[in-house]
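Here are the chains, one letter per residue:
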Amino acid sequence: MVLAPGWKRAAAATALAACIAAAASAQQPWTDDPVVAGQTPIRAVHLQEIIQRIDALRAGRGLPEATYADRPRPRGGVRADVISGAISALAAVYRADGLAPPTYGRVASGEPIRAATLNALRAAIVDRERLPPARPSTVAGRIIDARHEQVVLWNARVELGDRHVITRRDGRYRFDRVSGPVTLAVDAGGYVGQSRQVFVQRDLDLDFVLQREGTAFPEGSGAMSLTFIDNDGTTLFDGITDAGQAQADCPASRPGTVHRFDVRFIDGRSSFVDVDPELGDHAEAMRHATGMGRALGRVPTVLRAGVQSVCLHNDGTEAANFAYPAAGRIYYYLPGRDANDLAPITLHEGTHVALDPHHRHTPEWRAAVGADGNHISDYGTGSEDLAESFPAWFLVRYNPEHIADWAKRAVLLTIPNRLAYLEAQGFDMSPYAPTGSLMVTPGPIYAKRRGDPQPF
Ligand SMILES: [Zn+2]
């Protein structure tokens, strides 16, 4: 509605009230009205309309969803049991309005549906849809995660007709001046959307409980930045020894002579680091290998123990960073970065070499993946699943101070079965201690939708 200049507030209010009244009194037509005994075959659509409109009336009174003996199917037959269910579902609406439910004559299970019963039921529905002068009401409620009733969704989009609101940290939405038949629809990133028809006649408190779908972090796991294990993290790196020149596939596509170094850790373990000669002279190669040793010394021991060797290369034409689990070897494309900064990505590549071969195909891991029913990130599917899930577990369990509360909740609610699996393995996670809880705490989850900026 657009107001011309000069309109007074009172006139605007009158026009708005008229709009609302018109919306409320606009009854949808019934298919085949009336149904004529002996002429109109009773069809599934007749029952679907009745159920839909009773559901909307019930939702408008805050009544729970009704169960019908057998919801009619578009092609399936219709059964009189549905009519019995509809009659009792509508009776609750009458009782909620302080009225005695109407009676409809004889309705027996297994008998054909009578046209008179159907027409009477329709009239009884329309009677409850016909409002006293429409009183604009408030429809409000919360958007809740189905796995945890204390977790609300922040940034969910709730639509009512052509209006919409975005929930904030309290997970609440609210629409004022609503009456009559409306459709409410909820859309939240990472969750299955929902819509409900509601016949609004009074203020309503209507929560939506959404099931998780897809990933905790659409567009990848940017929300769980792992950069905290960069330069200043504790490292178990102990020293480095020049192992001379070696023939090696570094990069894999171009075997040749590399600078090789042994890196030692304070627990007595060691790995070797090959440096592509294109990255610099011997002194430069040693500097790179030392940085790599420090980075390796910052990832949990269970991963480091599986990394037999690292290749630092200069070939950006292929996949830049990757792992060969069978050889326990990781390849990093180094230009533009410092090897000392590679600890975060080593959580991912290290999982490929150290854990994929032993865990990704076990029945227990597969069962956990199936039970979770989704993934931690869009990238974390198929062969990337464990390599994306392990860092998430490491973060919430071993470094909880480095993850936002909402992101931690998202991890805990998205992959609880994978987390339990990893928890049960007894991995050597030194030098880290388990300081984070896997309990879900009340609060919001930021339901990130594609294209949204990070909420911080
Ligand atoms: Zn990967």
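Think of each chain on its own: its residues are numbered from 1, step by step along the sequence as written. Confidence filtering applies because this is a predicted model: local features only for residues at pLDDT of at least 70, side-chain atom pairs given and counted only at 80 or more, and all residues used for totals across whole chains, interfaces and linings.

Novice: Give a detailed account of the overall build of the protein chain, specifying residues and quantitative values.
Specialist: Scanning the protein chain for helices and strands turns up 12 helices and 18 strands. Buried, partly exposed and exposed are defined by the number of other C-beta atoms within 10 Å of a residue's own C-beta, namely 20 or more, between the two limits, and 12 or fewer respectively, with C-beta atoms placed from the backbone. Scored against the burial criterion, the 456 residues of the protein chain give a buried share of 38%. Numbering of helices and strands starts at the N terminus; helices are DSSP runs of H or I of at least 4 residues and strands are runs of E of at least 2.

Novice: Describe in detail helix 4 (residues 115-129), supporting the description with residues and values.
Specialist: Take the residue count of a helix, subtract one, and multiply by 1.5 Å to get its expected span. Between its first and last C-alpha atoms helix 4 spans 21 Å; for 15 residues at 1.5 Å apiece the expected length is 21 Å, and the two agree. Turning to helix 4, its buried residues number three or more, namely Leu118, Leu121, Ala124, Ile125, Arg128 and Glu129. End-on view of helix 4: buried residues confined to an arc of 140°, all on one side of the axis. As used here, the arc is the angular range of directions from the helix axis to the C-beta atoms.

Novice: Any details on the confidence of the model for the protein chain? Residues and values, ideally.
Specialist: Within a predicted model, pLDDT stands for the predictor's per-residue confidence, ranging from 0 to 100. Mean pLDDT over the protein chain stands at 84; residues scoring 70 or higher make up 84%. For the stretch residues 1-25, pLDDT sits under 50, and the model shows 14 contacts to residues farther than four places along the chain or on other chains. What counts as a contact here is a pair of residues whose C-beta atoms, placed from the backbone, lie within 7 Å.

Novice: Could you give me a rundown of the nonpolar core, with the residues and numbers involved?
Specialist: Structurally, a nonpolar core is described as a collection of buried Ala, Val, Leu, Ile, Met, Phe, Trp, Tyr and Cys residues joined by way of C-beta atoms within 7 Å. Among the nonpolar cores identified, the biggest contains 102 residues, and Ala86, Ile143, Leu153, Val263, Val273, Met292 and Leu312 are the most heavily contacted of them. Top element by residues in this core is helix 10 (residues 385-398). It accounts for 8 residues. Filtering out sequence-adjacent residues up to four positions away, Met292 remains in contact with Val263, Val273, Val310, Leu312, Ala339 and Leu342.

Novice: Which residues make up unusual backbone geometry, and what values do they have?
Specialist: With an omega of 0°, the peptide bond between Asp33 and Pro34 qualifies as cis. Position of Pro34 relative to the elements: it lies in the loop between helix 1 (9-25) and helix 2 (44-60). Along the chain, Ser430 connects to Pro431 via a cis peptide bond; the corresponding omega equals 10°. As for its placement among the helices and strands, Pro431 is situated in the loop between helix 12 (416-423) and strand 18 (443-446). For Asn155, which is not a glycine, the phi torsion comes out positive at approximately 80°. Accessibility expressed as a C-beta count within 10 Å gives 21 for Asn155, which makes it buried. A positive phi is found at Arg177, a non-glycine position, where the angle reads about 55°. Note on Arg177: 15 C-beta atoms within 10 Å, which makes it partly exposed.

Novice: Describe the sheet that holds strand 16 (residues 329-333), listing the residues and the values that go with them.
Specialist: Criterion used throughout: strands pair if DSSP finds at least two bridges between them. Strand order in the open sheet formed by 6 strands is 11-12-13-14-16-15, with mixed pairing between adjacent strands. Only two strands of the sheet have a single partner each, and these edge strands are strand 11 (237-248) and strand 15 (322-324). Looking at each pair of strands side by side, their axes are set apart by 20° on average, direction ignored. Of the pairings in the sheet, the one linking strand 13 (residues 270-275) to strand 14 (residues 309-313) comprises 4 bridges and is parallel in character. For Asp274, the partnering residue across the bridge sits in strand 14 and is Cys311. Every angle, taken between N-to-C directions, lies between 0 and 180 degrees, and every axis is a line fitted to C-alpha atoms, over only the stretch in contact when it is a helix.

Novice: Explain the pairing of strand 12 (residues 256-265) to me, using residue names and the numbers behind them.
Specialist: Each regular strand displays side chains that alternate between the two surfaces of the sheet. The pairing of strand 11 with strand 12 spans 9 bridges and is antiparallel. When the bridges of strand 12 are listed, Thr241 appears paired with Asp262. Sheet topology places strand 12 next to strand 13; 6 bridges connect them, and they run antiparallel. If you follow Arg264 over to strand 13, its bridge partner there is Ser270. Turn length for the strand 12-strand 13 hairpin, with the two strands adjacent in sequence and antiparallel, is 4 residues, and the turn residue Gly268 shows positive phi of about 90°.

Novice: Account for the sheet that holds strand 3 (residues 157-160), with residues named and values stated.
Specialist: Spatially, 4-3-6-7 is the arrangement adopted by the 4 strands of the open sheet, whose pairing is antiparallel. Edge positions in the sheet fall to strand 4 (163-166) and strand 7 (194-200), since each of these pairs with one other strand and no more. Each neighbouring strand pair of the sheet contributes to a mean axis angle of 20°, computed without reference to strand direction. As judged from the 4 bridges shared by strand 3 and strand 4, these two strands associate in the antiparallel manner.

Novice: Break down the pairing of strand 1 (residues 137-145) for me, with residues and values.
Specialist: As paired elements, strand 1 and strand 5 (residues 172-178) share 5 bridges and run antiparallel to each other. Bridge pairing in strand 5 places Ala140 opposite Arg174. Where strand 1 meets strand 8 (residues 204-205), 2 bridges bridge the pair, whose relative direction is parallel. What sits directly across from Val139, in strand 8, is Leu204. Note that strand 1 and strand 9 (residues 208-210) share 3 bridges and pair parallel. Among the inter-strand pairings, Ile143 is bridged to a residue of strand 9, identified as Phe208. Between the antiparallel neighbours strand 1 and strand 2 (residues 148-154) lie 2 residues.

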